[in-house]
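Architecture at a glance
Spelled out, the chains give:
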Amino acid sequence: MNQLRRRIYRFRAKIYARLPKNRSLLKVGVLCMLALGILLYYKIRTVLPEFFSGKEEAVQASSGNMADDDKNTEKDKAWQDGQTGKDSTQIPEDGYLDVQYVQSDIRPPAAPSAVPTGKPAELADAQGTEVAPSGEQAVTTGTKPAVSLTGLVPAVYPKLSDIVGKRYLLSNLKQLGYLKDTFYIVNQTTKMTESNFSAERFLKTDLSLEKKKDAPQILIYHTHASEAFADSRKGVQADTVVGMGDLLAEYLTEKYGYVVLHDKTVFDMKNGADNRSHAYNEALTYMEQLLKENPSIEVIIDLHRDAGAKRVATIQGKQVAKVMLFNGLSRNTSGELSYLPNKNLPYNLAFSFQMKLIGDEMYPGLMNKIFLKDYRYNMHLAERYLLIELGTSNNTVEEASNAMEPLADVLAQVLSGV
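Residues numbered from 1 in each chain as written. Predicted model: local features only at pLDDT ≥ 70, side-chain atom pairs only at ≥ 80, totals over all residues. Heavy atoms only, no water.

Along its length, the chain carries 13 helices and 15 strands. Within the chain, the fraction of its 418 residues that count as buried is 53%. Intrachain contacts of the chain at a sequence separation of at least 6 include 79% that bridge at least 24 residues. (Helix = DSSP H or I, 4+ residues; strand = E, 2+ residues; numbered from the N terminus. Buried < 20%, exposed > 50% of the residue type's maximum accessible area, 1.4 Å probe, protein only. Contact = heavy atoms within 4.5 Å.)

Given below as structure tokens:
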């Protein structure tokens, strides 16, 4: 027994010898570890909220970029500084300092018309844009002839039946592997299945839209309205994706006669702070009400700008930001995400597929491969729903602007019932 006690004493002596002489240092170390654990906990809650709630926005500010989609770029932050008054002496060049808000009863005054950088002179004089009293919605109507306003013209005006059989064999399109390699970028969080991806079904889906003159049919909005470009002017909304939405709305109106509602509500900033990780949830609540008030809307476009390396194509001598369509599949690699149902998924997928096929023919080089990811991204709100990544943070405003008329041409061609 005495021998056992001596061994225990020797063991305790070795342990104490290895501990810091100053026991206060040990206490500091324990407190530091505790603080680190708390920080990690809140970081996990921010990056992986799906472990803490079943809401839509398990996505941290999701763009299509595989590496950098979960954070604002420095360019976005610089633009936000101009918008939220951190530099209160700077007034945007359009003379209107936008006020950030989300679903507030008090709305800022309507902004005066401003021409985004790169906007053609013909549109600068075009009227027909009305800004709603809330200052967050603009309805554009018009009947100008379908002529090019930027000088870019489609190579062809194709039909789907012309493309299949000439450029692609239907037998190849029926193979899932061929579809994946030819048309898609699949994020590691999800996977394609034969039940969801049928090119034959996509081609047969009727996405035609009969134009109406008395109510908006196309809605453009921005879950991440603060996304800007490489040379965007600080605080100038026209140089962000919102300005690109203005251009797209006017092209669809001036060339094709659609009635377009452009909603400029900001969801990724709230009270001057970054609200990106909650933007999709707040946009969903807002859009559900907006769609109830505007039941005529049949096409929804959520216009973004991606992160990562510049994506640009030279089309008819002009530098044009590439357009990447994005689909959320409501499924991960293990199966469907039952808490994110989307009955419109077959139509969403058919819409992006037809846009990709038609776009490749009308403007070779314009369309990037379609990006697939796991969550829903509010795409269940409509059959004809496009989530668009317009270039990246390294593209210029002019390159992004140059893509808007070609994009309008492609959309109008698909909606014509090709």
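Moving on: the packing of helix H11 (residues 345-362) against helix H13 (residues 404-415). In the contact formed by H11 and H13, the axes pass within 9 Å of each other and the chain directions differ by 120 degrees. Our classification of the angle between H11 and H13 gives oblique. As for the relative orientation of H11 and H13, their crossing is right-handed in sense. Between H11 and H13, the residues in contact are Phe351, Gln354, Met355, Ile358, Gly359 and Met362 and Leu407, Asp409, Val410, Leu411, Gln413, Val414 and Leu415, respectively. Taken together, the residues of the contact of H11 with H13 sort by class into nine nonpolar, three polar and one charged. (Axes fitted to C-alpha atoms, helices over the stretch in contact; angles between N-to-C directions. Parallel < 35°, antiparallel > 145°, perpendicular 65-115°, else oblique. Left-handed = near helix turned anticlockwise from the far one by under 90°. Nonpolar A, V, L, I, M, F, W, Y, C, P; charged D, E, K, R; others polar.)

Time to look at the packing of helix H9 (residues 241-256) against H13. Across the interface, H9 lies against H13 with an axial gap of 9 Å and an inter-helix angle of 50 degrees. With respect to each other, H9 and H13 are oriented oblique. Relative to H13, the crossing made by H9 is right-handed. Of H13, the residues touching H9 (which contributes Met244, Leu247, Leu248, Tyr251, Leu252, Lys255 and Tyr256) are Met404, Glu405, Leu407, Ala408, Asp409, Leu411 and Ala412. In the contact of H9 with H13, the residues fall into eleven nonpolar, no polar and three charged.

Counting across every chain of the model gives ten aromatic pairs. Taking the centre distance of 5.2 Å and the plane angle of 55 degrees together, the rings of Tyr168 and Phe183 count as tilted. With Tyr168 in the loop between helix H5 (160-163) and helix H6 (170-173) and Phe183 in helix H7 (residues 176-183), the pair connects residues that are 15 residues apart, well separated along the chain. For the residue pair Tyr168 and Phe183, the accessibility class agrees, reading buried in each case. Taking the centre distance of 5.5 Å and the plane angle of 65 degrees together, the rings of Phe267 and Tyr286 count as edge-to-face. With Phe267 in the loop between strand E5 (260-263) and strand E6 (269-270) and Tyr286 in helix H10 (residues 279-293), the pair connects residues that are 19 residues apart, well separated along the chain. Like Tyr286, Phe267 is buried. Grouping aromatic residues by their ring pairs yields a cluster made of Tyr168, Phe183, Tyr184, Phe197, Phe202 and Phe353. We note Lys211 situated over the ring of Tyr258; from NZ or CZ to the ring centre the distance is 4.9 Å. (Phe/Tyr/Trp six-rings, centres within 6.5 Å; stacked < 30°, edge-to-face > 60°. Lys NZ or Arg CZ within 6 Å of the ring centre and 35° of its normal.)

Between its terminal C-alpha atoms H13 stretches 16 Å, which fits the 16 Å expected from twelve residues at 1.5 Å a residue. Among the twelve residues of H13, twelve are classified as buried, and the element is accordingly described as predominantly covered. Taken together, the buried positions of H13 are Met404, Glu405, Pro406, Leu407, Ala408, Asp409, Val410, Leu411, Ala412, Gln413, Val414 and Leu415. Directly beyond the C-terminal end of H13, a positive phi value near 90 degrees is found at Gly417. (Expected span 1.5 Å × (residues − 1).)

All right, on to the pairing of strand E8 (residues 299-306) then. Walk down a regular strand and you will see the side chains alternate between the two sheet faces. Counting buried residues in E8 gives eight out of eight residues, a clear majority hidden from the surface. Along E8, one buried face is formed by Val299, Ile301, Leu303 and Arg305 and the opposite face, lined by Ile300, Asp302, His304 and Asp306, is buried too. In this sheet, E8 lies alongside strand E4 (residues 218-221) in parallel orientation, the contact comprising four bridges. Looking at E8, one finds that Leu219 is bridged to Ile300. (Pairing = 2+ DSSP bridges.)

Before going further, it helps to spend a moment on the nonpolar core. Grouped together as the largest cluster of nonpolar side chains are 68 residues, with contacts concentrated most on Ile301, Leu390 and Met404. In terms of residue count, the dominant contributor to this core is H11 (nine residues). Excluding anything up to four places from it in sequence, Ile301 contacts Ile218, Leu219, Ile220, Tyr221, Leu248, Leu386, Ile388 and Leu411. Counting 26 residues, the second largest nonpolar core, distinct from the first, contains Tyr221, Tyr280, Met379 and Tyr385. (Core = buried A, V, L, I, M, F, W, Y, C linked by side-chain atoms within 4.5 Å.)

Another point: a nonpolar patch on the surface. Taken together, the side chains of Leu31, Leu34 and Ile38 define a hydrophobic patch exposed on the protein surface, amounting to about 310 Å² of accessible area. Among the structural elements, Leu34 can be located in helix H2 (residues 23-47). Relative accessible area serves as the criterion here: at 54%, Leu34 is assigned to the exposed category. (Patch = residues over 30% accessible without salt bridge, like charges linked within 9 Å, V, L, I, M, F, W, Y side chains within 5 Å. Areas by Shrake-Rupley, 256 points an atom, 1.4 Å probe, with all protein chains shown as cover. Salt bridge = Lys/Arg side-chain N within 4 Å of Asp/Glu carboxyl O.)

Bringing unusual backbone geometry into the picture now. Phi angles above zero are rare outside glycine, and Ser330 is one such case at about 55 degrees. Position of Ser330 relative to the elements: it lies in the loop between strand E11 (323-328) and strand E12 (331-332). Positioned with a positive phi, Tyr377 is a non-glycine residue whose angle comes to about 60 degrees. One can find Tyr377 in the loop between strand E14 (370-373) and strand E15 (384-392).

Evaluation of the coordinates by the stated rule reveals 13 salt bridges. Taking the shortest distance from any N to any O, the salt bridge between Asp239 and Arg233 comes out at 2.7 Å. Judged by its relative accessible area of 1%, Asp239 falls in the buried class. Given a relative accessible area of 25%, Arg233 falls into the partly exposed group. Linked by salt bridges that have partners in common, Lys174, Glu200 and Lys204 make up one network.

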